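Coordinate inspection notes
So the chains spell out like this:
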Amino acid sequence: YKNILALIAFGHKNNSIDEVARILDLGVSKVEDFLQNFTIVTIDRENRCIDFVSESMRKFACRQLQGFKEDITNLLIDDLLKDADSDLALDHLPDYYEQAGRLEELLNYLTPEHFSRVLERSQSLYPVRRRAEMGLISSRKLNQDKALMRFSMQKSVITELERAEIWRSEIEARMALKDYDSALALAQTTVLKEDKLHLLAIIAKMKRKEGLVPETE
C-alpha cells in the first residue's frame, strides 16, 4: 500500500480516490480503507480528493518513498496517455515526462500545437515559457541540434512578448500619473512595429478616457 502514498506524493495535487484506484488497479473500497488509517492525509468529502495535511508532510513522504518515484511517474504517464488531449494531460504530461527521464517523448509532445493549446487555455505566457525551457534543456541533453534551434527560437519570441507586457504595465502606470511624455518615449523605444503600435494605442485610449486629444503623430 506504499504505492498509494507514493502516488499521492508524486502525482499532481487533488488526485481523487477513484483516480488512485484506477491508476494502481485497486478496488475503491481498498483505497478508502487504507486512507482512513492515516492521519497524514486528508480527504475532501465533496469531491473525494486526497492531499497531505501539509506541504511539509508531502515533502517528508517524498523523501521516504523516493524509491517508488520512477514507477509511479510511469504509471501516471500511461494513465494520461489514455486521453492525451485532455486538459489534465496538457497540464501534467510534460512534467511527468521530465521526471521519468523520457526526454525523447517529451520533445515529441512539445509540438507547436501543444504550445498553442497551452496559451489558449492559460491566457498566460508563463507556462509556455516554462515548456520552452524544458524543451531547450532536454534538447541539449540529447544533443538534438534541430530541436535545440526550435526551442531557442520559441523562447526568444516568448521573452520578447513578455517584455512587451512589462512595457504595457509601465506605460499604463505612467499614464495614470499623467506622465505622458515619458510614456510616449517608452513606447517609441520598442523594437517591433506591432509592439509600438499596441503601446501607442494604449496611450491614445487612455488619453481619450481623460478627455484629451491624442497627438496627430
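Reading the values: the criteria
Residues numbered from 1 in each chain as written. Predicted model: local features only at pLDDT ≥ 70, side-chain atom pairs only at ≥ 80, totals over all residues. Heavy atoms only, no water. Helix = DSSP H or I, 4+ residues; strand = E, 2+ residues; numbered from the N terminus. Salt bridge = Lys/Arg side-chain N within 4 Å of Asp/Glu carboxyl O. Buried < 20%, exposed > 50% of the residue type's maximum accessible area, 1.4 Å probe, protein only. 1 Å grid on protein atoms, 1.4 Å probe; cavity = no way out; pocket = protein on both sides within 12 Å on 5 of 7 lines; lining within 4 Å. Points joined across faces, edges and corners; volume = space filled by probe spheres on them. Nonpolar A, V, L, I, M, F, W, Y, C, P; charged D, E, K, R; others polar. pLDDT = per-residue confidence, 0-100.

**Brief notes about the environment of Lys205**
As for its placement among the helices and strands, Lys205 is situated in helix α12 (residues 193–209). Sequence separation between Lys205 and Lys82 is 123 residues, and the spatial gap between their C-alpha atoms is 48 Å.

**Concerning the pattern of salt bridges**
A complete count under the given rule lists 15 salt bridges for this structure. Here Asp51 ties to Arg58 by a salt bridge, and the two come within 2.5 Å at their closest N and O atoms. What makes Arg58 buried here is its relative accessible area of 7%. For Arg174, the salt bridge is made with Glu170, and the minimal N-O distance between the two is 2.7 Å. In this pair, Arg174 and Glu170 both sit in helix α10 (residues 145–176), four residues apart, roughly one turn of the helix. Residues joined in a network through salt bridges with shared partners are Asp18, Glu32 and Arg48.

**Digging into the layout of surface pockets**
Here the largest pocket defines a volume of roughly 220 Å³. Along its surface, the largest pocket is lined by Tyr180, Asp181, Leu184, Gln188, Leu200, Ile203, Ala204, Lys207, Pro214, Glu215, Thr216 and Glu217. Partitioning the lining of the largest pocket into residue classes produces six nonpolar, two polar and four charged. If you trace the second largest pocket, you find it lined by Leu90, Asp91, Asp95, Arg117, Val118, Arg121, Ser122, Tyr126, Pro127, Arg130 and Arg131. Broken down by secondary-structure element, the contributors of at least two residues to the lining of the second largest pocket are α6 (87–100), α8 (112–122) and α9 (126–142). Of the residues that constitute the lining of the second largest pocket, the class distribution is four nonpolar, one polar and six charged.

**Observations concerning the confidence of the model for the protein**
Of the residues in the protein, 95% reach a pLDDT of 70 or more, and the chain-wide mean stands at 86. Confidence scores differ between elements of the protein, with α10 showing the lowest mean pLDDT of 80 and helix α7 (residues 103–109) the highest of 95.

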